[in-house]
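Summary of structural features
The lines below spell out each chain.
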Amino acid sequence: MATTYDFPSDLLAGQEELHQVRAELSALLKRLPWSVEPLDGFSDDNGWRKVERPASPGWTADEQAEVEKLRQREHELAVFVSTHRYWSELSGPERVSARSALKHAHETAPEETGGPS
């Protein structure tokens, strides 16, 4: 049976928000043009695989600001989670195991509180 950890609520909340921000950033980057600056399209089949890109209109100032805002928040949350005082209570392999468990805590939380199906 896997070890369970009693993570502080602020650490759990920080990790959950970090997951949300990363998902939001990933979705935004997939929707945006491939190039931040306007660039012509190209096709290159000289490498080990063919690479093609359509012309890119670039990102608008609002899109650039949104990406920057999400990246900044992702950085703040990553620092908060990784330097949380909770980690000083653990050492060595236990800290590594707990960190891994925290990354997946959001996956198991609803099952534990949801009761029998």
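It should be emphasised that the depicted structure is a prediction, and the values quoted were computed from it without experimental measurement. (Residues numbered from 1 in each chain as written. Predicted model: local features only at pLDDT ≥ 70, side-chain atom pairs only at ≥ 80, totals over all residues. Heavy atoms only, no water.)

Once that is clear, we can look at the overall build of the chain. Of regular secondary structure, the chain possesses 4 helices and 2 strands. Relative to its full complement of 117 residues, the chain shows a buried share of 21%. Of the roughly 8600 Å² that the chain leaves accessible, carbon and sulfur atoms contribute 52%. (Helix = DSSP H or I, 4+ residues; strand = E, 2+ residues; numbered from the N terminus. Buried < 20%, exposed > 50% of the residue type's maximum accessible area, 1.4 Å probe, protein only. Areas by Shrake-Rupley, 256 points an atom, 1.4 Å probe, with all protein chains shown as cover.)

Where helix α1 (residues 9–31) contacts helix α2 (residues 61–82), the axes come no closer than 9 Å and their chain directions differ by 150°. In terms of orientation, α1 lies roughly antiparallel with respect to α2. Here α1 runs over α2; the crossing is left-handed. In this structure, α1 uses Asp-10, Leu-11, Gly-14, Gln-15, Glu-17, Leu-18, Val-21, Arg-22, Glu-24, Leu-25, Leu-28 and Leu-29 to contact α2, whose residues at the interface are Glu-66, Val-67, Leu-70, Arg-71, Arg-73, Glu-74, Leu-77, Ala-78, Phe-80 and Val-81. Partitioning the contact of α1 with α2 into residue classes produces 12 nonpolar, 2 polar and 8 charged. (Axes fitted to C-alpha atoms, helices over the stretch in contact; angles between N-to-C directions. Parallel < 35°, antiparallel > 145°, perpendicular 65-115°, else oblique. Left-handed = near helix turned anticlockwise from the far one by under 90°. Contact = heavy atoms within 4.5 Å. Nonpolar A, V, L, I, M, F, W, Y, C, P; charged D, E, K, R; others polar.)

All right, on to the pattern of salt bridges then. Inspection of the entire model under this criterion finds 6 salt bridges. A salt bridge links Glu-66 to Lys-69; the nearest nitrogen and oxygen atoms lie 3.6 Å apart. Of this pair, Glu-66 and Lys-69 both sit in helix α2, 3 residues apart, roughly one helical turn. Note on Lys-69: relative accessible area 51%, which makes it exposed. Put simply, Glu-76 and Arg-73 hold a salt bridge, and the shortest N to O gap is 3.1 Å. Linking Glu-76 with Arg-73, this pair stays in helix α2, spanning 3 residues, or about one helical turn. Judged by relative accessible area, which is 31%, Arg-73 ranks as partly exposed. Through salt bridges with shared partners, a single ionic network connects Glu-17, Arg-73 and Glu-76. (Salt bridge = Lys/Arg side-chain N within 4 Å of Asp/Glu carboxyl O.)

Counted at 1.5 Å a residue, the expected span for α1 with its 23 residues is 33 Å, and the 33 Å between its end C-alpha atoms agrees. If you follow the buried residues of α1, they end up packed against α2 and α3 (92–103). (Expected span 1.5 Å × (residues − 1).)

The next point concerns the side chain of His-84. Residue position: His-84 is located in the loop between α2 and α3. Look at His-84 and you get buried, because its relative accessible area is 5%. Polar side-chain contacts of His-84 include one of 3.0 Å to the side chain of Asp-10. Discounting residues that sit within four places of it in the chain, His-84 has contacts with Pro-8, Asp-10 and Leu-11. (Polar contact = N/O pair within 3.5 Å; in protein donor to acceptor, adjacent residues only side chain to side chain.)

Purely geometric stuff here, so don't read any function into it on its own.
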